[in-house]
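# Remarks on the overall topology
Residues per chain are reported as follows:
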Amino acid sequence: MILVRFFGTLRLSIGESRLEMEAERIDQLLVKINQKYNKIGIKQLKNAVIFINNQNINKLERFKSRLKDGDEVLFISAMGGG
Amino acid sequence: MFSNYGGYMGKTLLVNIAKREVREYPWTDRARELFLGGKIMAAKILYDNLTVETTPFSKDNMLVITTGPLTGTGAPCSSRFNISTLSPLTGLITSSNCGGDFGLMLKKAGYDGLIITGKAEQPLWLEIESNHVKFHDATDLWGELTGKTQQLLERKVKKSGKLVIGPAGENLVRYASIFSGERTAGRAGVGAIMGWKKLKAVVVRGRERASPVNANLMKKVYKKWIKRLQQHSLTGNQLPRLGTAGLLSSMNAHKILATRNFKYGQYKDFEKVSGEYLAEKYLIKNKGCTSCPIRCGRVVKVNGQEVKGPELETIGLLGPNIENNSLKQILQWNVLLDDLGMDSISTGGSIAFAMELHEKGIWKTGLQFGKTDHLADIFKDIAYREGIGDLLAEGTKRLAERFGGKNFAMHSKGMELAAYEPRGAVGQGLGYAVSNRGGCHLNAGYLVLLEGLSFDIDPFTTKAKAALVTIFQNVMEATSAAGSCIFSLYSMFPDLIISKPNSKLTRLVNNLLPRMGWLVNIINKYPTKVVPFDLPNVPLTRAIKSVTGLKMNFGKLLEIGARGYTLERLLNVKRGLTALADYLPHRLTNVSQPSAKPETVVPLAKMKKEYYKIRGWDRLGRPTNRTLKKLKLLGVSK
Ligand code: SF4
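Calculation rules
- Residues numbered from 1 in each chain as written.
- Chains lettered and ligands numbered in written order.
- Predicted model: local features only at pLDDT ≥ 70, side-chain atom pairs only at ≥ 80, totals over all residues.
- Heavy atoms only, no water.
- Contact = heavy atoms within 4.5 Å.
- Buried area = accessible area lost by both parts, 1.4 Å probe.
- Salt bridge = Lys/Arg side-chain N within 4 Å of Asp/Glu carboxyl O.
- Polar contact = N/O pair within 3.5 Å; in protein donor to acceptor, adjacent residues only side chain to side chain.
- Helix = DSSP H or I, 4+ residues; strand = E, 2+ residues; numbered from the N terminus.
- Pairing = 2+ DSSP bridges.
- Domains from an automatic or database assignment.
- Nonpolar A, V, L, I, M, F, W, Y, C, P; charged D, E, K, R; others polar.

## Observations concerning the interface of chain A and chain B
A common way to state how big an interface is: give the accessible area lost once the parts meet. Across the boundary between the two partners, chain A contributes 29 residues, which contact 39 residues of chain B. Buried surface at the junction of chain A and chain B, summed over both partners, amounts to about 2700 Å²; 51% is from carbon and sulfur atoms. Summed over the shared surface of chain A and chain B, the number is 5 salt bridges. Glu271(B) is the salt-bridge partner of Arg5(A), the closest N and O atoms lying 2.2 Å from each other. Put simply, chain A and chain B have 14 residue pairs in polar contact (both at pLDDT 80 or more) between them. Contributions of two or more residues to the side of chain A that touches chain B are made by strand S1 (2-7), helix H1 (9-14), strand S3 (49-52) and strand S5 (72-76) of chain A.

Have a look at this one:
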């Protein structure tokens, strides 16, 4: 199981803070989340900053980054300053 | 003194509250061209009037309250005003920016600035209306909380702008703040200076208006600017919906959330104090400073009452940094600290330091990380200087001088650091160290925005960091001087990049930026030659032109910013500041976050050297004569 957590305005739009899902790759995970919450498009998910266990996917294999049981994936929508 | 430029009222008032004397302070159009207004105008006034002998708590120290040419003209996010003085925390110049209505009311009363000098014998409040200044006895107000004081004053002078202090200011807590409505000139102890002067409040009102030189153009520019802000993902979505608190989760993910007195960069319970949780559980609506389309302020409901919600920094310093996971407590403390009139960042920072001193057996106070139920009482003790509160009121630096623990006393130049842990954003670390007012995230240049928050440039490399810190500091300095909130600058960053963090273009920009230091430095060096035009994404310069008629473009804006930053530096140097004061605690420069991968520290020495060179300062951090000449600062003093 993959633990998925949402942050930023994305979380307010989804109305969920976390969920558990099976997926082997990030792109697969995006499709599954979209199927569950179809008001959230794949594009919107792709435009989040995505971390797998504290690592930005851009430093891994981006949307092809592999997932394994127990991984934690964060989706954080665009952020500015404070 | 009349001005030929629009937007200005053309008069600055100097009030000596000891002698009860009032006169106009000379401020010329030439000064407006060079220093624009706000914090830069204030720096010039302080530079010209303070001697080396002036100490923060002395009658010659001035409170300089200034507006910018855009203040009160209806420009987006432009109700801002500035308070500068010698800080009782740092002994150096400080400037605190505030979004309350005092600034625009000061302009309505006919003034661009108000300078207060001297010390009253008895508590006093000032009433300013058009050309009249009245001195009122404030004995009945002395001791009142900031909220109550403002209510009482509103009964006396209806529809007025107010500046007030609370008990913390009266009792000279070194990080006491000044309040205007719900908004705060929060940092570096400006409230203690007002308290020392025995000035409880200033109330101002009037009916005058600053006229723009080109009203039609101004309206057009403002309309477009507002639209731009409303459509931008940060200013039209994140800030209105989540406030600044929305950053906390991202900071945690990037390991830059100060936790347990900056020992760590992540907090296990961050979600319980996050902006998202705040929005889901407590938020009633968002709120803004006058004329702001962004409205980043929060109104929350706690214990059945609708009150002001906290900013990111308050949550960070009173949450993760003391290992407190109760957002409800933070909401209550936020109101209490505002009422007592003290800065939540320095309060949280000082308490976190005391907690670590206790843990190490150095100063046994009973203050412990994660044990926070009794902290409301400690805050009151600080404000009234009772028990250990009397020492906590002195701030982290002085606690370390008394008890030891310098290596983990988290301040720079005596001011407690904000909530960004810079070992994971080294450019932010450089900014903290060289900032004119000490450990302020904004005066630092806020490079963390590029180092993970909105962009994702390598946060550990030193490449281009000094160049980027310089340009960011300059643009923020000038924006503030214009009377605008620096959040209005966010539309400068293309949404195409900010809202698409994984796109090819964004990744390219993130990779290229650290290699573009040379280009940024050419701009830093020759701003008026390289960018002698307006940038489409920075409406500010067009706004300044349409309001004031001043010659303005992005290059000129940067030049004014550099002039302001250097002038503040010059004032600090005159007061004995050396490169040694551009400092970060040992914990950040020599010890990496436990178990963090990669193990990093802030390589300060290297970046500092580069920064001085870019700024045109010598190796001791002093602006050279050549730099002063270039910035038209040589010989500008009286
Ligand atoms: S963005 Fe926030 S701080 Fe800035 S002017 Fe608007 S409400 Fe005030």
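Having seen the model, we can carry on.
## Looking at the sheet that holds strand S4 (residues 55-56) of chain A
Residue and element names in this part refer to chain A. Read from one edge to the other, the open sheet built from 5 strands follows the order S2-S1-S5-S3-S4, with strand pairing classed as mixed. Because the sheet does not close on itself, it has two edges, and the strands there are strand S2 (18-21) and S4. Alignment of S3 against S5, held across 4 bridges, turns out to be antiparallel. Of the residues in S5, the one forming a bridge with Val49 is Ile76.

## Some points on the pairing of strand S15 (residues 305-308) of chain B
All names here are of chain B. Here 4 bridges tie strand S14 (residues 297-302) to S15, and the two strands are oriented antiparallel to one another. The residue of S15 that forms the bridge with Val299 is Lys308. Here S14 folds back onto S15, and the loop between the two strands holds 2 residues, one of which, Asn303, carries a positive phi near 50°.

## Concerning the domain arrangement of chain B
Residue and element names in this part refer to chain B. Along its sequence, chain B is organised into domain 1 (12-205), domain 2 (243-412) and domain 3 (422-630). In this structure, domain 2 and domain 3 have C-alpha centres spaced 26 Å apart. Across the contact, 25 residues belong to domain 2 and 24 residues belong to domain 3. With both chains or domains summed, domain 2 and domain 3 bury close to 1900 Å², and 58% of this area falls on carbon and sulfur atoms. For domain 2, the biggest contributors to the area lost against domain 3 are Ile256, Asn407 and Ser412; these three give 29% of the whole. A salt bridge links Glu356 to Arg587, with the shortest nitrogen-to-oxygen separation between them at 2.6 Å. Counting the contacts that link domain 2 with domain 3 gives 12 residue pairs in polar contact (both at pLDDT 80 or more). Counting residues per element, the side of domain 2 that touches domain 3 draws most heavily on helix H9 (residues 247-253), which supplies 3 residues. Grouping the constituent residues of the side of domain 2 that touches domain 3 by class yields 10 nonpolar, 8 polar and 7 charged.

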